[in-house]
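These are the residues of each chain, in order.
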Amino acid sequence: MGNSYAGQLKTTRFEEVLHNSIEASLRSNNLVPRPIFSQLYLEAEQQLSSLEAGSRADNEEEEEEEEEEGSESSSPPIAYQMKPPPEGCCTTDGFCQAGKDLRLVSISNDHIEVPSGFLLVGAKSPNLPDQLLVCAVDKRFLPDDNGRNALLGFSGNCVGCGKKGFCYFTEFSNHINLKLTTQPKKQKHLKYYLVRNAQGALTKGSVICWKGAEFRGRQSSSSTCSSALFQPPESSGPSVTITSDPVPATNPNTPSGTQQTAGTISDHLPSTAAFGPTIYNGKGSPKQHLVKNNLSALTRPSVLGTLTNSGPPKKRHKGWSPESPSSTETWNLQPNPQIPNKNKNDGGSLSSLPHSALIGPASSPMVASGEPVSVPDNLLKICKAKPVIFKGHGNFPYLCGNLNDIIVSPLLYTCYRNSQSISRAYEQYGASTIQPISEEMQLLLTVYYLVQLASDQVPLIEDLEQIFMRSWRESHLSEIRQYQQALPQTFPQVPSQIAPVTSAQLPWLAGLAASSCNDSVHIIECSYSLAEGLSEMFKQIIEGKLVKTNYVVILCASRNRCIDSCIVVTGKYQARVLSESMLTPADYQKEVNYQLVTGKVETLGSYFSTLCPEGDIDLLLDKFYQENQGHISSSLYASVNRTTTALDGTGASVCTSYNIEQHQIRPFQLAVAQKLLSHVCSIADSSTQNLDLGSFEKVDFLICIPPSEVTYQQTLFHLWHSGVLLELGLEKEHLTKQRVEQYVMKLDAESQTKFKAFLQNSMQNPHTLFVLIHDHAHWDLMSAVHSLYPQMEPSMGLVDRLLNCREVKEAPNIVTLHVTSFPYALQTQHTHISPYNEIHWPSSYSNGVDLYHENKKYFGLSEFIESTLSGHSIPLLRYDSSFEAMVVALGKRFPRLHSAVIRTFVLIQHYSAAMMAVSGLSQMKNYTSVETLEITQNLINSSRLCPSGHGLMVVLRIPCIPLAAVAYERLYHVRERLALEDNFEIILGNPNSGITIGKHFVEQLKIWQKIEDADWRPQTYLELEGLPCILIFSGMDPQGESLPRSLRYCDLRLINSSSLVRTTLEQELGLAAYFVSSESHIEKVVVNDVLESDQEKLSSTDNEDEEIVTEGSTSEKRSPMKRERSRSHDSASSSLSSKASSTAFCSESSPLLTTGDGAKSPHQVLGSSTEESGNQYEKQRQKIDKGAQAVSKNLPIAAEQLDTKQNIKNAQISITSSSSSPFSSSSFSSVPTHNSFILQTFQCVMTKASKQPPIVLLPKLVYDIITSTDSSGLPKSSSLLPYHSVMWASSFRPLMSKMMTCTEQSLYYRQWTVPKPIHIDYNNRNEGRMDNFHPRRLLLSGPPQIGKTGAYLQFLSILSRMLIRLTEVDVYDEEEININLKEESDQYYHQPGDVWPDLETFKKIPFDYTIHDPKYEDASLICTKLQNLSSEDRSMSRKLEDTYMHRQTTRMRLSKYAVYNTYHHCEQCHQYMGFNPRYQLYESTLHAFAFSYSMLGEEIQLHFIIPKSKEHHFVFSQPGRQLESMRLPLVTDKSEDYIKSPTFTPTTGRHEHGLFNLYHAMDGASHLHVLVVKEYEMAIYKKYWPNHIMLVLPSIFNSAGVGAAHFLIKELSYHNLELERNRQEELGIKPQDIWPFIIISDDSCVMWNAVEVDCSGDRKSEYTWTERNVSLKQILQHIESTPNVTHYALIGMRKWSSKTNSAEIKEPFSCCHVHDFIMLNVDLTQNVQYNQNRFTCDDVDFNLRVHSAGLLICRFNHFSIMKKQIAVGGQRSFHIKSKVSDTPVSISPAQYICAPDSKHTFLAAPAQLLLEKYLQYHSHRFFPLSLKNYSHPVLSVDCYLNLGPQIAVCYVSSRPHSLNISSSGLIFSGLLLYLCDSFVVASFLKKFHFLKGATLCVICQDRNSLRQTVVRLELEDEWQFRLRDEFQTANAKEDRPLFFLTGRHI
C-alpha cells in the first residue's frame, strides 16, 4: 500500500521493484468465467490480508498543474509566458535575482529584519519541490483566522537582497525566480507561515488557509481541536508539523488543525509516517467553545506554539490526483487526561489497520461542499452506539452539531484510492493502457460485501481490498496473463470481459443487491449531494426506521458524472467494535481508567443488582455467610482433611502425582543451541572478520528481559538451575541469588546502571566474548527518539537506547541475540538482523520422520486450532455464546461504556454467580454461563479429589490493570463470603509486582515442594504447581511469564479483541502453550481431559460409548459460524447429553440432586446440542446413575459428618462432581469394578497434568479469526498486520502460503513490511543500500513456552566449551620408549641444576644409540652390544598405517606462548600475519637462488618468495637487486629482542593447519622464519601466509619426502654461510665469527616447556623440580648463549610427556637422538648430509651419521617440546595407488615389490617410499633369521632403514676415522647394503661375522650397478645368489625403480 500512486514514478528502479512485486502477487490459474452477480468475491472464507489503508502518510507537496485541476474551475489552465529576467541577473532556483539565498534550510538561523505589520511566509517553487523560499509579506494581504478578509493584491519584500515594495505578486515571483508556467497567484505559492522554534531557528509553521474550495481534497484526519497539533516525532530535535496546501475547515465547531495529505509511505518518503489512529472523541477540548456558534465560519488555524520541520517535504509524484485523502494519523487530545498521546501503536479495527480515523468533533477527511449537515442531539442514546461514517468517493459535506456522537474515518476512501492506483504500475508493460477498477464497480462490490456479512461480523478492509484486486485482475486478464504464474487464488474469478457499470445503473444495482439482506444494508440515493443523504439518514435514525440496519450506503451519482458516496455503520455491534478499534492501547487504557475513576461504571453495577430476583447479590452473600458461619468451611473441607489424615496415618494413600520437573536439556534445545553455535561460527569464519573467536578465552553474558517481576524471577530460576554460571567459570560453587542477579536485567528505569557496568566490563575484557541476550525481543520496539516524551512509560524505548547504542554496535566482543516467539516484529525492510543470522526452532517431523525423540510433545497454536476441526475431539479453543450475548445486550444498554468495562463486569458477575451456585446457592446458576460454571466447579472440586489437596489453575486474563484490580477485589470478596478462602487462592498477577498469596497456601506449597526455608515465598507462576487458584493475569501484553502444568483453563474472554495484530493475538494464545506426554494419543487425551477435568458432568460416557464422544462430540453451540463439524445428531432436547450444558445442577442424571434445577438454565436454549442419539444417551444415563450410586455408597465420608441439610447438599455436589472422573478415564476394553472405580474417584488433577493441554476461552471475534482460514489454508490470523508499529509496504502484495517455511515467512515480512517512525528499525537506513545488517546480531525464534530459555543457556554453555576447545589442542602425551635399554649408571656428568653443558664433561658422555622417541615405537631397535630381549618385548603393536590413530594424546590449554595456525587472528599479530593494510598480498617478490652440489651432479635452483616487510633479512645486489645471501648474525651478538638462528619449517598439505605463526611463541622477538614448500603448493601457502618468507623446492622434488627438504635446507644454509663469510670478511669479520646455526622445526610444534630445578636440599643429590610453559624465545636465547655452542653439531630437546619422572631430568643433558625441533650447526656438519631420498626416519639416519663423524649431539633435558596432533597433511599426504587405474584400491605393502620383468601392476609412488614401506612391514622375508632375534641384529652399513619392530639393526659407518660400536662379540643375522658408495670395500665387510644362513640384501639404483656392487665387494665369496632372488620396487621403468638382490651366507 505504501507504494501505490496514481502517476508515473520518477525513479525507474522503484518502478521495477514495484512491478516485480505486483507480478508475483497476481499469479493465478484455473480461471472460470462466471456471471457478475454470481461471483463469489464475498464468500465467508475471505482473505484477511492486513491492508493498512489508513496508515499511510504522504507529506509531499503537489505540483502546480494539480492545483489547477483541483480548482473549482474546470477550464484548462491559462498559458503563461514569464517575463525574461534582466541581463546579468541571477536565475538560480532558490536565489533572488540579486543572487541572495532565499531557501529556508540555508537561512533558517540568519537574523532577518521583518518590518512591522509583515510576516515571514514560505513560498513554494515548482523547480524546488523540497524547499521553501522565505518571503516577507504584509499580513493585510494574507487571510485571517477564518480564511477571509485578505486584501486583494500583494505587498512584500525580498529577505535576501532587502529589496522592498513589491506591489504585484507577478513582479515578486519573477524576482525570487519562481519561473512559473501559469499565471502567478499568491494563493497558490504562498503556502506556510514561518515561525521561530525554541532554538531560534526559522521553521515551517501552519498552513496559510486561503478561502475557497479550489484546494479541495487536501484534508483528512483533522484534529479534534484547534490546539491538537500534528506532531509525529522525528529522528531528533523538536516535533514537526507537516502541512499541505491550505484547506477549508470542514468542522464549523472546531478550528481546523494542521492537516496532511494522504498517500502511501515507503522508504522513499520523508520520516513523517503514520503513527496511530486519532483518539476516541474530543471531550474536553479546550478550544471547542471558541467558535461554537459560528457554524458557517471557515477558520484558519492559528500558529500554536512553536512549529518546526526537520526536513522539507519531497515533490509529489507527477500526475497525482488532487483529491488524495489523508491517511496520516494525528496527535489528538485524550478523552480525559488531556495529554497528547505519542504512543500510537495502531490497533486498527478488525482490519488490523492503524486507522487514521477522524473521531469525535473533527472535520471530515475530504472536501466539504454544500450546506453543513447537522448531527442530531441524543444520537448516541437513540443508536446505542456511535455511528461510524466512512467517506467513500467524491465530496463530503460539512458536519456540525452533536459531533461527539459520530466518528468519521477516511479508511474506505484510502482503500478505494489504493485499489485504483495499483494497476498503473502495469501501464508501461502493456500494449494498451489498463484501466483501473471504476468507482461504480468499487461501490457495487462494497455493497455486495456488506450484504453477505452476518449480523455478528464486522467488515474487514483487507477482505474488501482483496475483492477489488481480484476483480481488477480478472477484468484485465489478457493484458496481465503474460506476467502471472500459478498461485493459490484468494477469491473466485469473474470473466475478463464485463460490461462497465454506469453511474446511472449503480443505484439500481446497489438496491437490487441490498434487497435480499433483510434490510441490514440500506441504500440512500441523493440527487444533489451527500448532505441530503446524511440528513435523511439521521432523520430515519431518529424515527427508528434503521433499527435493523447495520450499514447505510449513501450515494450521489449526478455530479458531473462522478460519484459521491459514503458508508455509515449504524449496527450497534459493528459501530462499537469499529469505533473502539480506532483507539490505541494507550488510549484504551486511559478511556477505561477514566470510566472507572469517574464512576460511570456504577450504573452497570446497579443494573446487575436488579437482575437477581432475590435481591442484591451482596445481600445474598451476606445472608449466606451469616447462616453458615462457623461450619461451612469445615464441612466443605472436612472430607478432604479427614480423609487425608486417615490415609496418611495408615500409609495407604498419599498423592504421588505431584513431582517437580528437574532441569534437563531436551534434544530440541540442544539442537537449537548447536544451530546458534553454528551461526556464531559462520560469522567468525566469514571473510569480514567481524568476530574473532580465536581471541576469546571465556564467555560472559547479560540477559535483558521485560520489566516483569515474575519473568525476572523465572529467568533467575532457570539460570540458577542450569549450572551455566559455574560451567562458564563466572561464579564459584557457592552461588548466591545476588550474584545470579548480576546476569539478568529488567528493562526498567534502573537498568541503565547495570547496563553501563556490562559495557564497561566488555571494554575492560577484550578477550571475553560477551553475549547480550534480548529475551522477549518483540516487547519494546519503540524508537528511542520517540520515547522521550513525558507521558511515555520510562521503560519504553530502552531497548533502542541500550541495545542499539554505539558501544554495543561497535564492540568487537559483544554478540547480540534476540529471542522471541514472534519474530515478525523484527523482520522489516530496515531490520538490523541479517536473514542468514536467523535461527528458527526446528520442526519435530521431516517427511514423516521424527527428528528428535522426546517424551513430550509441544501443544501450541496450530494444535489448538486443529482441535476445533472436524473429526477431532472436543475443541480446546472455545467461545462463550451466552457471555457474548449478554455483553452485546449490555453494550446497547450502556453505549457510552467501553466494551472492556462491560465484558469485565459481566465476567466477574458470572464467576461470582458460579461460585455461589457451587457453594449451594443453586438459584444463582441461572446468572452465569455454562463455561464459567464448568470452570468454577472444576476449580473448587479439584482440591477435594486429591489426598494432598492439589488443584488446578485458572488464568483469567484481564489486560487493563485497573479492571484487573476491580475483578480481584470483587472475586476476593465473594470467595470470602462463601468461606472458600482455604479452598482456592485468588492471585492478582501484576507485571510490576511479585506474587502475593495467603500463608495457608504458602505452607501447602512448601510441603508439596519439600521446602524448609521459613521465609520462602513463590516468586514465579511455575512455583504455583498444583495450587488451586484463579490467577488474574494483568498487563497490556504478557511479558514472557510461564505457567505451571496444573493450568487447566485459560480464560481469554477479556482480551482486547479490537486490536487485531498477529503478534498481539498469538502472544495471548501463547499463554496456553503446553507440553503433553508424547506417549499419549492427543485426541483421546483431549477427550479424557475435558471429561475428567469437567468433573461435574455426569453425562460423559463410560467405557462402551466413549468412542462416540471421541469421534463426534463437537459442542456446536460454541461455533455458530459454519465450522466444518458434524451436526448429525443436532438436538437441543436434552441439556444432559451436551458437553456444554451437562453441569452438576442438571438433576436428571443424578438421583442425589433435586429435579428441575437444570430446566431453568437459559443456556440450554442458547444453542446447546448433542452428538449422541437417544439410545446412546439412555445407556449412558443408566450407567451414570449406577456409577453415582456406587460413589455414594463407597465414598469414605462418614454420614455423621453431614449433619446439616446444607452440608449434605454441599457434600452431594462434591460427590457428583467427582463421579465423572472414572468414567472418562477408564479404558475402552472393560467396565471397571466398584473397587477400581473408587480407587480412581479421588484422583489428583496432577495425574494427567502432562497429558492434557488447557482449555482456552476466547472472545467470539478472536475465535472467528483464529479458526477461519484464508484461501491458502493458513489461519486468518497469520495474514494480519504482524506488529503494531510496522505497516505493509504495499497493498499489492502476494498472500502468504501455507507451505512457507519460517525462513520464507521471514523473507516475506522483510520484503513487505516497513517500520513506522516509532519503530526501532526506522532509522536503520544506509542511504538506500540493503547492507545495513549488524554483523554480530542473531535472532532466535520459536513458539511460546517451547524452551527457548533453556536453549540459549545451553548455547552459552557449548559456546564456552567451544572457546575453551579453540584455546586447547591435542598434544602427544607418550612416555619415552626403550627406557629399559638405557645403560644403568650411577655416574651423572652434570648436576641437576646446571643450566648449560660443560663441553669437556659432555664429551665424556657416551652416545645413546637407542631411539626413545615414542613416534618410533614401530621402528627397528639399534643395537649397541649383546642385548637379551625377550621376544615379547617388541611386537607388532600397531596395524598398517594406523600410527596416527593410536597415538596417545592429551588436551592442553594454549598458553600465551603458543604457535598458531591460520585460524588465529588477534590484533597483536595482524601485522605479523600480513593483514596490516601496509603489507598488501601482492607486495612480495620472487627471487631465484642457485648453487651447485657435486653429489647431485647438477646445479640446484631454489626460489625465495620474500615479502617487502622481510627484505631486510636479505642482501641484494645493488644494480639488479639480485638475491645474494641471507643475512647471518655474529656469534658474539647479544640482543634480548633477536633470535640469531634462522628457522626453517618444511611443510606439505598443511597450509591451513600448519603451525607457522610464531609471533606469540617468540614473544614479539625479531626472528627469521622460512617456510619450505613444494612448488605445486606455493600459491596456496602464499595465499594463507602472505607475510611469510617461502623457500620453494625445485619441481623435481614435488614427490619427494621430508629428507629432500632437510637435505636442501642444510645445503642451502651451508652455501649461504660461505657467502656470508665472504661478504662479511670484506668488512673485517673473521669467518668463524659468523653464526653457523639454523633451526629445523616440524610444522606441528605448538608449545615449549622448561623445567626449573631447585637444589636447595640438605644433600647435594636432593632436588625438586617444576615444569612450566615458556616462550620459544627464552629457550632459543638460552641455547644460543651456551658456552662453546659452536662446538656442538646438533642441539635438541626432550619430547614432552605428562609422565616425565625425575630420573629423566636428573641428568640435564644427554648425548642421544634429537628429533622434531633441532638446532643444526651447518659448519660442523658440512660433510654430513641428510639422505634426500628418504621419507621416514631420516632424522635417526642423520643423527647416526653425525655421531659416527665424531660430532657432538646434545639434548637439553630441561627443555621439552609439545607437538600438536594434526590430522591432515604431512607424511599422510603420500598415497600409494595403482598407476593403471584411478579407482582407489587398497594395496598391501607386500605388493610394493615384484620380480624384474614381471607383469606386476605398477604403482604410482616414489621407489624410495615403496622400499621403506615394504621393509617396515615385510623385511622378515629378506631377513628370516633376524625375526625377533635381537641378539643377532642385521648389519646396516652407512644407513638406518626401519626394518620393523621385530628386527634389530646395528649401524656402522664405512667412513675412515668414524666412530662405530665394537662389533667384536657380535654375530649378525643379516647384511643390508643400501646404495653403497666407494667407501664400502670388501675388506671392510670381511671384518664382520654372520650366522650360517644369514641373508644379504643389496639395494641399488639399477640392475647394472647391482651386479657391479656384487663384483666390487666380492660378495660371491661368502654369499650365495640365485637368479630368482632379484627384485625391484613396483615402479615403471620411467619411474626409476630400485633393485634388490638377496643372498644367503655360505
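Our structure's up above, just so we're on the same page.
Below you will find a few notes about this structure. (Residues numbered from 1 in each chain as written. Predicted model: local features only at pLDDT ≥ 70, side-chain atom pairs only at ≥ 80, totals over all residues. Heavy atoms only, no water.)

Further remarks concern the overall build of the protein chain. A count of helices and strands for the protein chain gives 51 helices and 56 strands. Burial status across the protein chain gives 62% buried among its 1946 residues. Working note: accessible area of the protein chain is about 73500 Å², and carbon and sulfur atoms make up 51% of it. (Helix = DSSP H or I, 4+ residues; strand = E, 2+ residues; numbered from the N terminus. Buried < 20%, exposed > 50% of the residue type's maximum accessible area, 1.4 Å probe, protein only. Areas by Shrake-Rupley, 256 points an atom, 1.4 Å probe, with all protein chains shown as cover.)

Before going further, it helps to spend a moment on empty space enclosed by the protein. In this structure, the largest cavity encloses a volume near 320 Å³. Lining the largest cavity are 24 residues, with Arg576, Val577, Glu580, Ser899 and Arg903 sitting closest to its centre. Of all elements in the fold, only α13 (572–581), α26 (881–893), α27 (899–918) and α38 (1260–1267) reach the threshold of two or more residues within the lining of the largest cavity. Classifying every residue of the lining of the largest cavity by side-chain character gives 10 nonpolar, six polar and eight charged. (1 Å grid on protein atoms, 1.4 Å probe; cavity = no way out; pocket = protein on both sides within 12 Å on 5 of 7 lines; lining within 4 Å. Points joined across faces, edges and corners; volume = space filled by probe spheres on them. Nonpolar A, V, L, I, M, F, W, Y, C, P; charged D, E, K, R; others polar.)

What follows deals with helix α19 (residues 709–722). Over its 14 residues, α19 extends 20 Å from the first C-alpha to the last, a length consistent with the 20 Å expected when each residue adds 1.5 Å. Within α19, 10 of the 14 residues are buried, which leaves the element mostly enclosed by the surrounding structure. Within α19, burial applies to Glu709, Val710, Thr711, Tyr712, Gln713, Gln714, Thr715, Leu716, Leu719 and Ser722. The elements touched by buried residues of α19 are β14 (698–705), α20 (724–727), α21 (737–740), β15 (744–746), α22 (751–764) and α40 (1348–1366). One or two steps after α19, the chain reaches Gly723, where phi turns positive at roughly 75°. (Expected span 1.5 Å × (residues − 1). Contact = heavy atoms within 4.5 Å.)

Its location among the elements puts Gln1039 in the loop between β25 (1029–1034) and β26 (1047–1051). When neighbours within four sequence positions are excluded, Gln1039 is seen to be in contact with Pro706, Pro707, Ser708, Thr711, His776, Trp779 and Pro991.

Before going further, it helps to examine the packing of α26 against α27. For the pair α26 and α27, interaxial distance at closest approach is 10 Å and the crossing angle is 130°. Considering the angle they form, α26 stands oblique to α27. The two elements α26 and α27 cross, and the hand of that crossing is right-handed. Counting all contacts with α26, which are made through Phe883, Glu884, Met886, Val887, Leu890 and Gly891, the residues of α27 involved are Ile902, Arg903, Val906, Leu907 and His910. For the contact of α26 with α27, the per-class residue count stands at seven nonpolar, two polar and two charged. (Axes fitted to C-alpha atoms, helices over the stretch in contact; angles between N-to-C directions. Parallel < 35°, antiparallel > 145°, perpendicular 65-115°, else oblique. Left-handed = near helix turned anticlockwise from the far one by under 90°.)

Evaluated as defined, the whole model comprises 38 aromatic pairs. On the numbers, 5.6 Å between centres and 50° between planes, the contact of Tyr1472 with Tyr1559 is tilted. Taken together, the residues Tyr1472 in helix α43 (residues 1470–1473) and Tyr1559 in the loop between β38 (1543–1546) and β39 (1569–1573) connect sequence positions 87 residues apart. With a centroid separation of 6.0 Å and 70° between ring planes, the pair formed by Phe1868 and Phe1888 is classed as edge-to-face. Taken together, the residues Phe1868 in strand β53 (residues 1867–1874) and Phe1888 in the loop between α50 (1882–1885) and β54 (1889–1900) connect sequence positions 20 residues apart. (Phe/Tyr/Trp six-rings, centres within 6.5 Å; stacked < 30°, edge-to-face > 60°.)

Turning our eyes to something else, we now look at the sheet that holds β26. Pairing between the strands of a sheet is mediated by backbone hydrogen bonds and can be parallel or antiparallel. Strand order in this open sheet of six strands is β22-β28-β26-β23-β25-β24, and the pairing throughout is parallel. Single-partner strands in this sheet number two, and they are β22 (877–879) and β24 (985–989). Taking each pair of neighbouring strands and ignoring which way they run, the sheet shows an average axis angle of 20°. Bridge count for strand β23 (residues 953–958) against β26 is four bridges, and the pairing is parallel. Paired with Val954 across the bridge in β26 is Tyr1049. In the packing of α27 onto the sheet, the strands contacted are β23 and β26, and the crossing angle to β23 comes to about 160°. (Pairing = 2+ DSSP bridges.)

To continue, consider the sheet that holds strand β51 (residues 1834–1837). If you trace the seven strands from one edge of the open sheet to the other, you get β49-β55-β56-β54-β53-β51-β52, paired in mixed fashion. In the strand order of this sheet, the two ends are held by β49 (1793–1794) and β52 (1849–1852), each with one partner. Note that β51 and β52 share four bridges and pair parallel. Looking across to β52, one finds that Leu1835 is bridged to Cys1850.

With respect to burial, β24 is a largely interior element, four of its five residues being buried. Relative to β25, β24 runs parallel, the two being bridged by five bridges. Its bridge partner lying in β25, Ile986 is registered against Ile1030. Running through helix α30 (residues 999–1008), the crossover from β24 to the neighbouring parallel element β25 is right-handed. (Right-handed = clockwise from strand over helix to strand, strands pointing away.)

This model, assessed by the stated rule, comprises 58 salt bridges. Close ionic contact of Arg806 with Glu810 constitutes a salt bridge, the shortest N to O distance being 3.3 Å. Of this pair, Arg806 and Glu810 both sit in helix α24 (residues 806–810), separated by four residues, roughly a single helical turn. Glu810 shares its class with Arg806; the two are exposed. Between Arg1903 and Asp1797 there is a salt bridge whose closest N-O contact spans 2.9 Å. Pair noted here: Arg1903 is in helix α51 (residues 1903–1912) and Asp1797 is in the loop between β49 and β50 (1803–1804), with a separation of 106 residues, a long-range link. Arg1903 gets classed as partly exposed once you look at its relative accessible area, which sits at 27%. Several salt bridges converge on common partners, so that one network encompasses Asp1413, Lys1415, Asp1642, Lys1695, Asp1716 and Lys1763. (Salt bridge = Lys/Arg side-chain N within 4 Å of Asp/Glu carboxyl O.)

So, on to the nonpolar core. Counting residues in each nonpolar core, the largest one holds 168 residues, and the members touching the most others are Phe1504, Trp1648 and Leu1873. The biggest single contributor to this core is helix α45 (residues 1602–1625), with eight residues. Excluding residues within four positions of it along the chain, Phe1504 makes contact with Thr1485, Leu1486, His1487, Phe1489, Phe1514, Leu1523, Val1570, Ile1589, Met1590, Leu1591 and Leu1612. One finds Leu596, Phe883, Leu1069 and Val1262 within the second-largest nonpolar core, a separate group that totals 104 residues. (Core = buried A, V, L, I, M, F, W, Y, C linked by side-chain atoms within 4.5 Å.)

Taken by themselves, the reported measurements are silent on function.
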